[in-house]
Amino acid sequence: MDRLDLRILDQLQRDASLTNQTLAERVGLSPSACLKRVRRLKARGVIQREVAILAPEALGTSLHMVVEVIMARDDRALYRDFVRRVEAAPEVTQCYQVTGEVDFVLIVSVPDMRGYDRFCESVLYAGGGMHKFRTLISRKRNKFETRLPLSG
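Basis of the calculations
- Numbering of residues starts from 1 in every chain and runs along the sequence as written.
- pLDDT decides what is reported in this predicted model: residues at 70 or higher carry local features, side-chain atom pairs at 80 or more are listed and counted, and totals for whole chains, interfaces and linings draw on all residues regardless.
- By convention in this description, side-chain values take in all heavy atoms of the structure and omit both hydrogens and water.
- For the purposes of this section, nonpolar cores are sets of buried Ala, Val, Leu, Ile, Met, Phe, Trp, Tyr and Cys residues that join through side-chain atoms within 4.5 Å.
- Working definition: with a 1.4 Å probe on protein chains only, accessible area under 20% of the residue-type maximum means buried, over 50% means exposed, and in between means partly exposed.
- Secondary structure follows DSSP: runs of H or I at least 4 residues long count as helices, runs of E at least 2 residues long count as strands, and numbering of each begins at the N terminus.
- Two residues qualify as a contact provided that any one of their heavy atoms is within 4.5 Å of a heavy atom in the partner residue.
- In this description, strands pair whenever DSSP reports at least two bridges between them.
- Only one rule defines a salt bridge in this text: a Lys or Arg side-chain nitrogen within 4 Å of an Asp or Glu carboxyl oxygen.

Visitor: When you look at the nonpolar core in this model, what are you seeing that I'm missing?
Guide: Across soluble globular proteins, nonpolar side chains show a tendency to be buried alongside one another. In terms of nonpolar packing, the biggest core is built from 20 residues, with V69, L106, V108, Y116, F119 and L124 touching the most fellow members. At the level of secondary structure, the elements contributing two or more residues to this core comprise β1 (63-71), α4 (76-88), β3 (104-110) and α5 (113-124). For this core, the element with the most residues is α5, which contributes 5 residues. Not counting the four nearest positions on each side in its chain, F119 is found in contact with A89, E91, V92, L106, V108 and L124. Membership of the second largest hydrophobic core comes to 12 residues, among which are I8, L12, L23 and C34.

Right under this line is the structure:
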C-alpha cells in the first residue's frame, strides 16, 4: 500500500458514501485510477465492508455494557463454543479475546436490564465454560470512533 491508498482509506473511513468522482478529487487521482485502487483494496480485504453508523440515542433507550469474562479453564474447545455463542448474539457488538486477568471483553447493547438478564441467560450462562464475569455499565459515551489511525 502506498500513500495514495492510505489517503483513499482515510477518506472512506470518514465517509464511505462519497462518489468515486469526489473521492478521486480529494485524493488527487483520476476517477478511473481511483476506482481501480478502491476495487483492489476491497479484493485484498483491506476494505471489509461499508456500513451506516447509527445514533443510539435516536433509536430510544439502551444500555451499553463492557463485560469482562473469565473462562473456567484455558481450553480451546470451551473458547470456540463461547465465541460461537457470542457471534450469534445480536446484543454483542464487539468481542475481544485478551491477555491478562480476563479472557474476553465484550461490548453489549441492550434495551434495558431485562434485556441484559436475557442476554446473560442465553449467552454467558448457556455453555458452562465460564468461570465468572464482571459487568461495567456505561454512563456516558465520551468517544466513539470507527476510523483506524493510518500512517504513511
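That shown, we press on.
Visitor: Looking at this structure, how should I read the pairing of β1?
Guide: In terms of strand pairing, β1 meets β3 through 7 bridges, oriented antiparallel. Within β3, the position partnered with V69 by the bridge is F104. Sheet topology places β1 next to strand β4 (residues 130-137); 7 bridges connect them, and they run antiparallel. Paired with V67 across the two strands is T135, which belongs to β4.

Visitor: Help me understand the pattern of salt bridges, please; the structure alone is not making it clear to me.
Guide: Side chains bearing opposite charge may pair, as long as their charged atoms lie close to each other. Enumeration over the complete set of coordinates arrives at 8 salt bridges. The shortest N-O distance in the salt bridge between R40 and D5 comes to 2.6 Å. With R40 in helix α3 (residues 31-43) and D5 in helix α1 (residues 3-14), the pair connects residues that are 35 residues apart, well separated along the chain. On the basis of relative accessible area, D5 is assigned to the buried category, the value being 1%. A salt bridge links K42 to E50; the nearest nitrogen and oxygen atoms lie 2.9 Å apart. The exposure class assigned to K42 is partly exposed, which follows from its relative accessible area of 40%. Judged by relative accessible area, E50 falls into the partly exposed class, the value being 47%. Sharing partners across several salt bridges, the network here consists of D2, D5, R37 and R40.

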